[in-house]
Structures are given as structure tokens and as C-alpha cells.
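A structural walkthrough
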Amino acid sequence: MSFFTFSGGALNGLLLGGLYAITALGFSMIFGVMGLMNVVHGELLILGAYLCFFISRALGIDPFLATLFVAIILFAVGYLLQRSIFNPVMDRGVEPALLTAFGLSIIAQSLFLFYWTTNSRSINTSYSQTGLQVLGIHLPVMYLISFGLSLVLIAGVHAFMTRSFLGKAIRAATQDPVTAQVMGINVKRVYAFTYGLAAATAALGGALIGMTFSFVPSSGLSWLLKGFVIVVLGGMGSIVGTFAGALLLGVVEGVGGAVMGTGYRDLIGLVIVLLVLVARPTGLFGRAR
Amino acid sequence: MLRRTVQWVLLGLLILGLVVAPHILDRYTIFLLYLLWLYIGLAQGWNLLAGYAGLISLGVAAFFGIGAYTAAMTVIHLKYHFLLGSLLGGVLAMAFAAIVAVPIFRFSGIYFAIGTLVLSEALRIFMISWKFTGSADGLALPIEKSPSFVWFYYLMLGVAAGATALVVLILRTKLGMGLRAIGNNEKSAQNMGVNTFRTKLYIFLISAFITGVVGGIHATQMGSIEPYSIFNAMWTLSTANTVIIGGIGTVAGPILGSIFVIFLGELLADYHTFHLAITGVLLILIIRFIPAGIWGELRETRPFRRLAGRTNR
């Protein structure tokens, strides 16, 4: 294997890691803040992709502009889901909420299938299929855009969590929900807001998935699992860790795909996560929760 | 004394009915009953893990699929009888469980759930690419080898009854006692001298075996298998759903749940596209409003307590 295949795979993987970070951010936030393993996250991403697809087509606008609308819609969806469906079962431990999310994911998948059929779709723009040649390595433009956006988004969410009042309230509710409640923080509302925010990031993640790859109603699961791999690699619930984990997964997949062939690409991440968990159950960068 | 007699007579009538059933019912109803036994088998295996050991597995499809593929491969290539193939399917599923048990038990509670989901998805991706097992096209079993349909009815009935009996038996042994202690409070169980790792491991293995055997038999019954439907997360959902609707952590729950789910499926047969969505809604509602499930609620009512002749459990 030539040096170029290897370094090309690694570089492309690193850039793709930015996209992975955006798709996993919401999953990581929800897990970090309320300990909910949100297995419906993949369907939120795919819903974002579908809405972006239809809104940008219907209004004839650029998908990134459409994503702004989709983010608002998904924020509302997420807020309401947490308020009406998750909050009531969250006092009874983690399993009921997990199974509820599992149920939601099945409902979402069958509705996608019913309304939008099994047709594979992708969001096409004039730039989404183009690429740059850098030192003989082909870099898709979408990878570069995603990487740039991921830097902005991760920095933005990090600043929001550390600087803003609401971000501090979220962190307080994360560390100790009971004390936060005593201190006058409406923990249930904080949870709902967090879910909404996570769903809004899924809007961008979905748009990028749609523009870079293609999607079908059942695509959510593989993206959910990528999110899980990233969160395990990066440490549960850490935003910077999520970014690091995503880049790592991107590189490993890129190199692995170049070496072993693309058929086993998705498998590599899943196998690595099992190996990491044998050695370090709290993740590569994580501390015990 | 009279109560005991009534119970035995009812049980005898039930067995007689189930044995005679395939000779008087039409083919479609026999098939529904076959599916019922299949669900009961899977549900008992899952309930053992989730209901008693507190380990919510989202990887039913993995063990089901291993069983199915093992049976198919041994029947095709080694010319084994499919019964032996299905048994081997269970054994291989169990072996797989043993291998993954160490990393996967690092995940406690919720991590276990998604860890098993990762496993089954990794297997699915692998099987789609693996040429040895026919990759995405799957495998077709030799038709002349497969016995009549009534045969499968009895076989799956045996598996369902066997799985149920196994659960009842396990609950009466020391293993079952430890299991219940873990279900109540894992830390104090450990303090009281229960080897929690070993207990959970054994339960995990038994559950994998049951699931694998069911998968093996179902593969032979279908005659051809492919990775998309065999490793489909739908198997996991239906199983979890069945147990939760029926009553998690009870022996009768998986049975009642399976009857309910099959009945619901027939009711919604004309609305095929919405079947899964409605099942999902039902799952969410049951978790929220009747977490004990159908049997969990029913057994608290007076007639059932009298029939069972006791007040607890």
C-alpha cells in the first residue's frame, strides 16, 4: 500500500471526524447531563436530514439556510419530547427512559418509511459533490466545511456551557440534580432545554449527513452507533472529549477503510470500542462518573 | 387439595389441546401458533436477563442470528440434521456470549444495553460482508431436508415449553436465589456472598443458548436466510416489547405478552405499515402507565390470587 493511500485515508478521516463530532454532540450532551442513553438520536439526525431536504427544495434555498429552520423545529420537538415523554419516567431509573427512547426510535423509523418511502436520498448542491486536490490527495469540500463547522459548534457549545447562566444551570443540574433543584433551578426544564439543544445540533448533523452521504429511513442506527463509539472513546458527556473521540474514530476508520476495504469500515469502530472498554471502561479520555 | 387437582386438570387439558391443535386447525392458524411459540422462547430468554438479572439486552438479534446461521451452515455444508444444527446454533450463541461477556459486563446497567446493541450491529455489518456465509445474499437451505410444517410447530412448542420450564427451574435453584438477590440490590447481594459476576454470566449464557436455538429452528423453517432480516433490530424490539407488555420479571409475563402481541399483529394485519409504530406507542404507554405489565397487574386481582392459592409473588 502506498504512502498516499494511507495518508489520504488518515487526512480524509480526520476531516470526516468533524462531521462525526457534530452528529454525536447531541447524544453526548444528553448522556452527560441527564444520564439518558438517547437511542432515538439517530432518528433525530435522519429527521433533520429529511426536513432539510424538503425545506431547501420547497423554498429553493441553500440547505445550510434551511438548517436554521430545521434547527428551530427540532429544538421544539426535542423540548416537547423531554417534557411530555421522558421527564415523567426519568425518576424511575435509567432503563424505562432507555426503552422509551427505543420505542420512539421505532415509531420514527416506521413513520419515515410510510411518508418518505425507502428511497435513498441526498441533499444536492452545486458544491456538495466537488473536492480539492491537496498534494495529490482528494479532499471532498463537504469534509472541509463540516470540519470548520464542527470547530465553531464545539467552541460555541463549550462557551455556552461555561459562560452563560443557562449553561451553568445545566452543569449544576448535571453535577447534582437534587441540590440544583434546592438552589432554585427547575431541573426538569433544564433537561427539556438540553434535549432541545441536542436535537437542534442534530439538525445540523442531519443536514451534513444528507449533503455528504445519502440516507434512508433506517440510516439512524449506524449514526447512533458511531455516536456511541465516539462517546466511549472521548469519555461520557465531555464536549471536548466528544470532539477528540470523533476525530480519532474518523482517522481509524479512514486508515482502516484504506487498508481493509470499505466493506469493513463501519465494523472497525465498533470492534475498537469493545477493545477500549476491556482496557479502560470509562473511555480513553474519561474519568469515572 | 382440590385446588391442586384443578390446576393439574387444567394443565393436562392445555397440553392435550396444544398437541391436537395442528391436526384440526388450518395452516395459517398453525403458523400463528408457531410464531407464538417462537416469541415465547425469545421472551423467556430475554426476561431471564432483563427481568431477573436486571440486564437490559438490546442484542437479541445477535444471538438469534448466530443460531440461525450456524444451523444453516451445518445443514448445508456438514449435512447435519437440522435438529443438531439448531442445537449447535444454541451452543455457538452461548460460546459467543462467553467470549463477549468479559468486555460487555464492564458495562453495567445502561452500558450493557447499548453494548449489546453495538455487538449485534457489528455482527450484522460483518455478516453482510463475509463471503463464507454468502454475504448480503445469505443462504438457502436444501428443501428436501426440511420436514413438514406440523413438525416445526411441535418443535417450537417444545422450545417454548422447555424455556419456560428452564426459567421456573432456575428460579428454584441457588443460581435463581442469587439472581433475585441481584435483581433486588446488586451491591448487597455481593456483600451477602453472591458471586454476582458468575451468576450474571451463567444467566447470560443460558439466555444466549435459548435465543440461539430459536434462531436455528426458525432459519430451517424459513428455508433461506439473509443478514438484513436475521440480524434485524426488530427481533430485539419485539422481544423486549413482548416481555414488557406481558410483565417483566414474571414467568407468565412473557407468555401473556406473546399472546397479546400475536393477537395485536393479527388485528393490525391490514395496517401493516403502522404495525411497528403502534407497537412502539404501546411500549411507551405501558412503560409509563403500567410498568408491571399485564400479568403484573392481573395477578394482583382477587380471582387470580385465589386460583394461585397464595398472596405473594
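Residues numbered from 1 in each chain as written. Chains lettered and ligands numbered in written order. Predicted model: local features only at pLDDT ≥ 70, side-chain atom pairs only at ≥ 80, totals over all residues.

Looking only at helices and strands, one finds 11 helices and 2 strands in chain A. The order of α-helices and β-strands along chain A, N terminus first, is α-α-α-α-β-β-α-α-α-α-α-α-α. The C-alpha atoms of chain A give a radius of gyration of 19 Å, which matches the 19 Å a tight globule of 289 residues would have. Its C-alpha atoms give chain A principal-axis dimensions of about 60 × 50 × 35 Å. Looking at chain A as a whole, 53% of its 289 residues qualify as buried. The long-range fraction of contacts in chain A, counting pairs at least 24 apart against all pairs at least 6 apart in sequence, stands at 77%. (Helix = DSSP H or I, 4+ residues; strand = E, 2+ residues; numbered from the N terminus. Rg over C-alpha atoms; globule rule 2.2 N^0.38 Å. Buried ≥ 20, exposed ≤ 12 C-beta atoms within 10 Å, placed from the backbone. Contact = placed C-beta atoms within 7 Å.)

So, on to the interface of chain A and chain B. If you look at the interface, chain A gives 33 residues, while chain B gives 30 residues. Put simply, the parts of the chain that give the side of chain A that touches chain B at least two residues each are α4 (94–116), α9 (220–234) and α11 (265–279) of chain A. For the side of chain A that touches chain B, the element with the highest residue contribution is α4 of chain A, accounting for 15 residues. Its residues placed into classes, the side of chain A that touches chain B shows 27 nonpolar, 4 polar and 2 charged. (Nonpolar A, V, L, I, M, F, W, Y, C, P; charged D, E, K, R; others polar.)

Here we come to helix α5 (residues 141–163) of chain A. In this model, α5 of chain A (23 residues) spans 33 Å end to end at C-alpha, consistent with the 33 Å of a helix rising 1.5 Å per residue. The set of residues buried in α5 of chain A consists of M142, Y143, S146, F147, L149, S150, L153, I154 and V157 of chain A. (Expected span 1.5 Å × (residues − 1).)

Residue and element names in this part refer to chain B. Here I30 is to be found in helix α2 (residues 27–52). With 119 residues separating them along the chain, I30 and F149 place their C-alpha atoms 8.6 Å apart. Among all residues touching I30, those that are not within four sequence positions of it are P22, L25, F149, V150 and Y153.

Counting 192 residues, the largest nonpolar core has L74 of chain A together with A72 and M156 of chain B as its most contacted members. With 17 residues, helix α8 (residues 187–212) of chain A is the largest single contributor of residues to this core. (Core = buried A, V, L, I, M, F, W, Y, C linked by C-beta atoms within 7 Å.)

Don't take any of this as a statement about function, it's just geometry.
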